[in-house]
Amino acid sequence: MTSERTSLHGQWSSRWTFILATTGAAVGLGNIWKFPYLAGEHGGSAFVLVYLICVALLGIPMMMAEVMLGRRGRQTPMYTMRSLAEETHRSRHWQWLGFAGTLTGVLILSYYSVIGGWTLAYAFRTGTGAFHDASAEGVSGLFNDFVGDPLAVFGWHSLFMLMTMVVVAFGVQKGLERATKYLMPALVVLLLGLVGYSATTGYMLEGVAFIFAPDFSRLTGTSMLAAMGQAFFSLSLGMGTIMIYGSYLPAGVSIARTSIIVALADTSIAVIAGLAIFPIVFANGLEPGAGPSLIFETLPLAFAQMTGGILIGVMFFILLLVAAWTSSISLIEPAVTLLVEKFRMTRLRASVLSGLVTWVLGLGTVFSFNIWADYRIFDKNFFDLLDFLTSNIMLPLGGLFIAVFCGWLLAREVSQTELRLDGGPGFHLWHGLIRYVAPIAMLIVFAYAVGVIR
Ligand code: TRP
């Protein structure tokens, strides 16, 4: 029998709105900003190949597991874990897994919002013609000046955080469902348009080769670690976003099918972003391993050169902003629902409070590009450290425990009925991946990240 519970916070109006909202949560800065720069830093194809394998073997089964837990528990991740643990006669301490995920979301959002602020600033600056006729060095100089200015970065971060709080306060279903319906397709169209422009640079083949031509010599432990962390990050796994979105899913919707659709959409957009960006990088003799600044130093160049570039550029950064926005909301939703459920706060209060905490934490990232740039721990600045801690340690660790819980502790009947795979081959495949492959892979990644293995 499937669970009869419903969520206190509402429900998606249909299977499609769930798919749209979850794709909105998954597709974000991770696809268009982070995926290309990580691929660039880790040698392109080697990274991409591992990434694709991780999505197929870990990402999809993990997404199914999280949606399933969420829909069964129908509460904030912390209480979902607690009630499922009780249902299966396990320790209540499993609730701390949900709590840790909620915290991870806040930590990620604290820097995500700073980068979201960059996209806001870039939409504005492209529109005012700041990059008009600029050279490659000119554009990267402008970028360095921008992030070097603490006040500017602070201002844009604050604005982005405010935008996130407003939507979260209004509730996920209303504005968000409707917004994603129009804006996600628009993002895809613009991205494809950009690929079209990239093709005119004459460097498309180099771009394609960089992303796809297998070069196993560049496959290192570090690149595999980065690829797996990124697969989790991009699919929004390991912390409760998918769990809370699953908790609003109507009963009776196929979890397997919807998870596969979301994962495919997310992965396609990341690869298309790579195809749009790398030809521009090579055509202008830029460095693919430039790091977090990559798209902010390449795309303005493309926009400066193409006809109608200002308009397209503004639209592109606005849509990137929207992609970031629909993801930022999902990062804070677990914290907001926790405050509402635990302290009976209104949604408005809960949004303001969690938003404020995130905003303050974000200042660490704001200053890590300027006044605190020289404070380094393990040779990383605050932003790098936070990114490493969340993507490479907390998300895989969260994933590890979620996989162990679903694969080993949760009664088989529960997952079978929730997934509606009726013990067929699909179920056995999922169960095998969740029971053995996912925990082992994540254990290795974690051991590598903390330096137990080299
Ligand atoms: N997946 C989003 C992106 O690619 C970011 C994101 C939203 C996220 N929710 C998450 C990352 C939960 C990790 C966990 O930009």
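Our subject is the structure listed above.
The text that follows walks through the structure, step by step, so that each part is easy to find. (Residues numbered from 1 in each chain as written. Predicted model: local features only at pLDDT ≥ 70, side-chain atom pairs only at ≥ 80, totals over all residues. Heavy atoms only, no water.)

Quick look at the overall build of the protein chain
Let me state the cut-off plainly: Helix numbers and strand numbers start at the N terminus; a helix is a DSSP run of H or I with at least 4 residues, a strand a run of E with at least 2. We take the radius of gyration over the C-alpha atoms and set the globule estimate at 2.2 Å times the residue count to the 0.38 power. Burial status follows relative accessibility: with a 1.4 Å probe on protein chains alone, a residue under 20% of its type maximum counts as buried, one over 50% as exposed, and anything between as partly exposed. The contact criterion used throughout is that any non-hydrogen atoms of two residues lie within 4.5 Å. Exposure was quantified through the Shrake-Rupley algorithm and a 1.4 Å probe, taking into account, for residues, occlusion by the shown protein chains and nothing else. Only four residue types enter the charge count, namely Lys and Arg as positive and Asp and Glu as negative; His and the chain termini do not. Charge placement uses NZ in Lys and CZ in Arg. For Asp and Glu, CG and CD serve respectively.
On a plain count of helices and strands, the protein chain comes out with 18 helices and zero strands. Here the C-alpha atoms of the protein chain give a radius of gyration of 21 Å, agreeing with the 22 Å that 2.2 N^0.38 yields for 454 residues. With respect to the principal axes defined by its C-alpha atoms, the protein chain has extents near 65 × 50 × 40 Å. Relative to its 454 residues, the protein chain shows a buried fraction of 60%. Sequence-distant contacts in the protein chain: of pairs separated by 6 or more residues, those separated by 24 or more amount to 82%. When the accessible surface of the protein chain is summed, it comes to about 17200 Å², and 68% of that surface belongs to carbon and sulfur atoms. Within the protein chain, the 24 negative side-chain charges are centred at a point lying 14 Å from the centre of the 25 positive side-chain charges.

Structural notes on the packing of helix H15 (residues 347-368) against helix H16 (residues 382-409)
The condition that has to hold: Fitted lines through C-alpha atoms give the axes, limited to the stretch in contact for helices. The angle between two N-to-C directions lies from 0 to 180 degrees. For classification, angles of less than 35 degrees are called roughly parallel, those exceeding 145 degrees roughly antiparallel, those between 65 and 115 degrees roughly perpendicular, and all remaining angles oblique. Gly falls in the polar group here, along with every residue not listed as nonpolar (Ala, Val, Leu, Ile, Met, Phe, Trp, Tyr, Cys, Pro) or charged (Asp, Glu, Lys, Arg).
Relative to each other, H15 and H16 sit at 125 degrees, their axes nearing to 7 Å. Put simply, H15 runs oblique to H16. Contact residues: Leu361, Gly364, Thr365 and Ser368 in H15; Phe382, Phe383 and Leu386 in H16. In terms of residue class, the contact of H15 with H16 is built from four nonpolar, three polar and no charged.

Regarding helix H9 (residues 204-212)
Note the following rule: In this description, one arc is meant: the one made by directions from the helix axis to the C-beta atoms.
Restricting attention to buried positions, one finds in H9 the residues Met204, Gly207, Phe210 and Ile211. Mapping the buried residues of H9 onto a view down its axis gives an arc of 130 degrees, with all of them on the same face.

Looking at the pattern of salt bridges
Applied cut-off: Between Lys or Arg on one side and Asp or Glu on the other, a salt bridge is scored when a side-chain nitrogen of the former is within 4 Å of a carboxyl oxygen of the latter.
This model, assessed by the stated rule, comprises six salt bridges. Two residues, arginine 72 and glutamate 418, come together in a salt bridge whose shortest N-O distance is 3.2 Å. Here glutamate 418 lies in helix H17 (residues 412-419) and arginine 72 lies in helix H3 (residues 45-73), a separation of 346 residues in the sequence. Among the salt bridges present, the one from glutamate 86 reaches arginine 92, with a minimum N-O distance of 2.9 Å. When its relative accessible area of 45% is taken as the criterion, arginine 92 is described as partly exposed. Through salt bridges with shared partners, one network takes in Arg71, Arg72, Glu87 and Glu418.

As for helix H18 (residues 425-449)
The condition is simple: Multiplying 1.5 Å by the helix residue count minus one yields the expected span of that helix. One axis is fitted to the seven residues ending at the residue and one to the seven starting there. The bend at that residue is the angle between these axes.
End to end, H18 covers 34 Å across 25 residues, agreeing with the expected 36 Å (1.5 Å per residue, within 8%). Along H18, the helix axis deviates most sharply at leucine 433, where the bend reaches about 40 degrees. Within H18, burial applies to Phe427, Trp430, His431, Leu433, Ile434, Ala438, Pro439, Met442, Val445, Ala447, Tyr448 and Ala449. Elements in contact with the buried residues of H18: H3, helix H10 (221-234), H16 and H17. In the stretch just after H18, glycine 451 is the one whose phi turns positive, near 85 degrees.

Points about the environment of valine 168
The residue valine 168 is located in helix H7 (residues 150-170) in this model. You can call valine 168 buried: its relative accessible area is 2%. Once residues within four sequence positions are removed from consideration, valine 168 is found in contact with Ile329, Ile332, Glu333, Val336, Arg347 and Ser351.

Looking at the nonpolar core
Note the following rule: Throughout this description, the term nonpolar core refers to a set of buried Ala, Val, Leu, Ile, Met, Phe, Trp, Tyr and Cys residues connected via side-chain atoms within 4.5 Å.
Counting residues in hydrophobic clusters, the biggest one holds 149 residues, and the most contacted among them are Leu69 and Trp118. No other element matches the 15 residues that H3 contributes to this core. Once residues lying within four places of it in the same chain are set aside, the contact partners of tryptophan 118 are Trp33, Phe143, Phe146, Val147, Val153, Pro292, Phe296 and Phe369.

Focus: the environment of isoleucine 295
By the element assignment, isoleucine 295 lies in helix H13 (residues 294-305). Along the sequence, isoleucine 295 and proline 36 sit 259 residues apart, while their C-alpha atoms lie 8.1 Å from each other. Isoleucine 295 has contacts with Ile32, Trp33, Ile277, Pro300 and Leu320, leaving out every residue within four places of it along the chain.

Regarding the site of the ligand
Put simply, the test is: Proximity criterion: a residue is near a molecule or strand once any of its heavy atoms comes within 4 Å of it. Polar contact criterion, stated in full: a pair of N or O atoms within 3.5 Å, where within protein one must be able to donate a hydrogen and the other to accept it, and residues adjacent in sequence count only if both atoms are side-chain atoms.
Near the ligand there are 18 residues, and of these Ala26, Gly30, Tyr112, Phe233 and Ser236 occur at the shortest range. A distance of 3.4 Å separates a nitrogen atom of the ligand from a polar backbone atom of alanine 25. One nitrogen or oxygen atom from the main chain of phenylalanine 233 is found 2.8 Å from a nitrogen atom belonging to the ligand. Taking 360 Å² as the accessible area of the ligand by itself, protein coverage stands at 100%. Breaking the shell around the ligand down by element, the ones donating at least two residues are helix H1 (15-26), helix H2 (29-41), helix H5 (95-127), H10 and helix H14 (309-343). For the shell around the ligand, the residue count by class is 10 nonpolar, eight polar and no charged.

Let's talk about unusual backbone geometry
Even without a glycine there, the phi angle at arginine 74 is positive, about 55 degrees. The phi angle at aspartate 133 is positive, at roughly 65 degrees, despite the residue not being glycine. The residue aspartate 133 is located in the loop between H5 and helix H6 (136-147) in this model.

Section: the packing of aromatic side chains
What characterises a pair of aromatic rings is the spacing of the ring centres plus the angle enclosed by the ring planes. For the record, the criterion: Any Phe, Tyr or Trp ring, taking Trp's six-membered ring, that has another such ring centre within 6.5 Å forms a pair; planes under 30 degrees apart are called stacked, those over 60 apart edge-to-face, and the others tilted. Two conditions define a charge located above a ring, namely a distance within 6 Å from the ring centre to NZ of Lys or CZ of Arg, and an angle within 35 degrees of the ring normal.
As enumerated under the stated definition, the model contains 34 aromatic pairs in all. Ring centres of tryptophan 94 and phenylalanine 401 lie 6.3 Å apart, and the angle between their planes is 75 degrees; this geometry places the pair in the edge-to-face category. Here the residue tryptophan 94 occupies a position in the loop between helix H4 (77-87) and H5, and phenylalanine 401 occupies one in helix H16, the gap between them amounting to 307 residues. Assessed through its relative accessible area of 15%, tryptophan 94 is described here as buried. Exposure remark for phenylalanine 401: the relative accessible area of 40% places this residue in the partly exposed category. When the ring of tryptophan 94 is compared with that of phenylalanine 405, the centres are 5.0 Å apart and the planes differ by 55 degrees; the resulting orientation is tilted. With tryptophan 94 in the loop between H4 and H5 and phenylalanine 405 in helix H16, this pair connects stretches of sequence that are 311 residues apart. With respect to class, tryptophan 94 is no different from phenylalanine 405; both count as buried. The ring of phenylalanine 233 carries the charged tip of lysine 34 above its face, separated from the ring centre by 3.9 Å. Positioned over the ring face of phenylalanine 388 is lysine 380, at 4.9 Å from the centre of the ring.

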